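Residue-level structural notes
Letter by letter, the chains look like this.
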Amino acid sequence: MAMFRFPNQLYDSEKKVSAKELEELMDKLGIMDLKSSYPEQLSGGEMRRVAIARALVNSPDILLADEPTGALDSETSVQVMELLKAVSKDRLVVMVTHNPDLANQYSTRIIRMLDGKITNDSMPVTEEEKRHICNFVVQKVNEIGESEIPIPIMHNIVESALEEIKPIVAKS
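Residues numbered from 1 in each chain as written. Predicted model: local features only at pLDDT ≥ 70, side-chain atom pairs only at ≥ 80, totals over all residues. Heavy atoms only, no water.

1. What about the overall build of the chain?
- If you tally the helices and strands in the chain, you get 7 helices and 4 strands.
- Buried positions account for 27% of the 172 residues belonging to the chain.
- Here the contacts in the chain between residues at least 6 apart in sequence split such that 51% fall between residues at least 24 apart.
- Carbon together with sulfur atoms contributes 54% to the accessible area of the chain, which is approximately 11,600 Å² in total. (Helix = DSSP H or I, 4+ residues; strand = E, 2+ residues; numbered from the N terminus. Buried < 20%, exposed > 50% of the residue type's maximum accessible area, 1.4 Å probe, protein only. Contact = heavy atoms within 4.5 Å. Areas by Shrake-Rupley, 256 points an atom, 1.4 Å probe, with all protein chains shown as cover.)

2. Section: the packing of helix 3 (residues 44–56) against helix 4 (residues 74–87)
- Packing of helix 3 against helix 4 brings their axes to within 12 Å, and their N-to-C directions diverge by 10°. By the angle between their axes, helix 3 is roughly parallel relative to helix 4. For the pair helix 3 and helix 4, the contacting residues are Arg49, Ile52 and Leu56 in the first and Thr76, Val80, Leu83 and Val87 in the second.
- Looking at side-chain class alone, the contact of helix 3 with helix 4 contains 5 nonpolar, 1 polar and 1 charged residues. (Axes fitted to C-alpha atoms, helices over the stretch in contact; angles between N-to-C directions. Parallel < 35°, antiparallel > 145°, perpendicular 65-115°, else oblique. Nonpolar A, V, L, I, M, F, W, Y, C, P; charged D, E, K, R; others polar.)

3. Here's the deal with the layout of surface pockets
- Here the second largest pocket defines a volume of roughly 300 Å³.
- Taken together, 14 residues line the second largest pocket, and the ones lying closest to its centre are Glu21, Leu25, Lys28, Leu56 and Arg91.
- Taken together, the elements giving at least two residues each to the lining of the second largest pocket come down to helix 2 (19–28) and helix 4.
- In terms of residue count, helix 2 provides more of the lining of the second largest pocket than any other element does, 5 residues in total.
- Considered class by class, the residues forming the lining of the second largest pocket number 8 nonpolar, 1 polar and 5 charged. (1 Å grid on protein atoms, 1.4 Å probe; cavity = no way out; pocket = protein on both sides within 12 Å on 5 of 7 lines; lining within 4 Å. Points joined across faces, edges and corners; volume = space filled by probe spheres on them.)

4. Quick look at the environment of Glu82
- Following the sequence through the fold, Glu82 ends up in helix 4.
- For Glu82, a relative accessible area of 40% translates into the label partly exposed.

5. Quick look at the pairing of strand 1 (residues 62–66)
- Burial of strand 1 is one-sided: the residues Leu63 and Ala65 facing one way are buried, the residues Ile62, Leu64 and Asp66 facing the other way are not.
- In terms of strand pairing, strand 1 meets strand 2 (residues 92–96) through 5 bridges, oriented parallel. Counterpart to Leu63 in the pairing with strand 2 is Val93.
- Viewed along the sheet, the connection from strand 1 through helix 4 into strand 2 turns out right-handed. (Pairing = 2+ DSSP bridges. Right-handed = clockwise from strand over helix to strand, strands pointing away.)

6. Examining the nonpolar core
- Residues Leu29, Ile31, Leu56 and Leu83 are the most contacted members of the largest nonpolar core, which totals 23 residues.
- Of all the secondary structure elements, the ones that give two or more residues to this core are helix 2, helix 3, strand 1, helix 4 and helix 5 (100–106).
- Considering every element that reaches this core, the biggest residue donor is helix 4, with 5 residues. (Core = buried A, V, L, I, M, F, W, Y, C linked by side-chain atoms within 4.5 Å.)

7. Some remarks on unusual backbone geometry
- Positive phi, normally seen in glycine, also occurs at Ala71, with a value near 65°.
- Its place among the elements puts Ala71 in the loop between strand 1 and helix 4.
- We note that Asp115 has phi near 55°; this positive angle belongs to a residue other than glycine.
- Mapped onto the secondary structure, Asp115 falls in the loop between strand 3 (111–114) and strand 4 (117–121).

8. Remarks on a nonpolar patch on the surface
- Residues Ile62, Leu64 and Val94 make up a contiguous nonpolar surface patch of about 260 Å² in total accessible area.
- The residue Ile62 is located in strand 1 in this model. (Patch = residues over 30% accessible without salt bridge, like charges linked within 9 Å, V, L, I, M, F, W, Y side chains within 5 Å. Salt bridge = Lys/Arg side-chain N within 4 Å of Asp/Glu carboxyl O.)

9. Structural notes on the environment of Gln41
- Within the element layout of this structure, Gln41 appears in the loop between helix 2 and helix 3.
- Using a relative accessible area of 51% as the deciding quantity, one classes Gln41 as exposed.
- A distance of 2.6 Å separates the side chain of Gln41 from the backbone nitrogen of Tyr38, its partner in a polar contact. (Polar contact = N/O pair within 3.5 Å; in protein donor to acceptor, adjacent residues only side chain to side chain.)

Structure follows, in structure tokens:
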């Protein structure tokens, strides 16, 4: 279980994950039998599910999922997508996929890109929302009044901005 707890310990997360919570997550991902395994003993699909468990162990506000179902069979893909759907109820999940059926079935907002440019957005942010977000960040930067903002302070500004835009994200 150490390889699953490592991210939680590494970042000294305020929320310590209990063995029971970790086992529930592992069970949902179908990887209970891997808790004593070493990375080199895992298949590609098993590694992907372990990576998802490790990402979720810290309960991040935003989860970035790059091809979360790549190298998974269809049954396991559904398990993973159902878990991400449940996770998305109380935090933002940004998923990158080349599978339009998966995106259509599980996403509340789809942004299509081609060659690094947005070609379609199913729910674009309005100009008013953009101004609101920009004004909030500018206000926070002005409150500090420094030309070069130290990383920890910028981190706090970004966290505050994320809190401020949660209602906007929630409606999308």
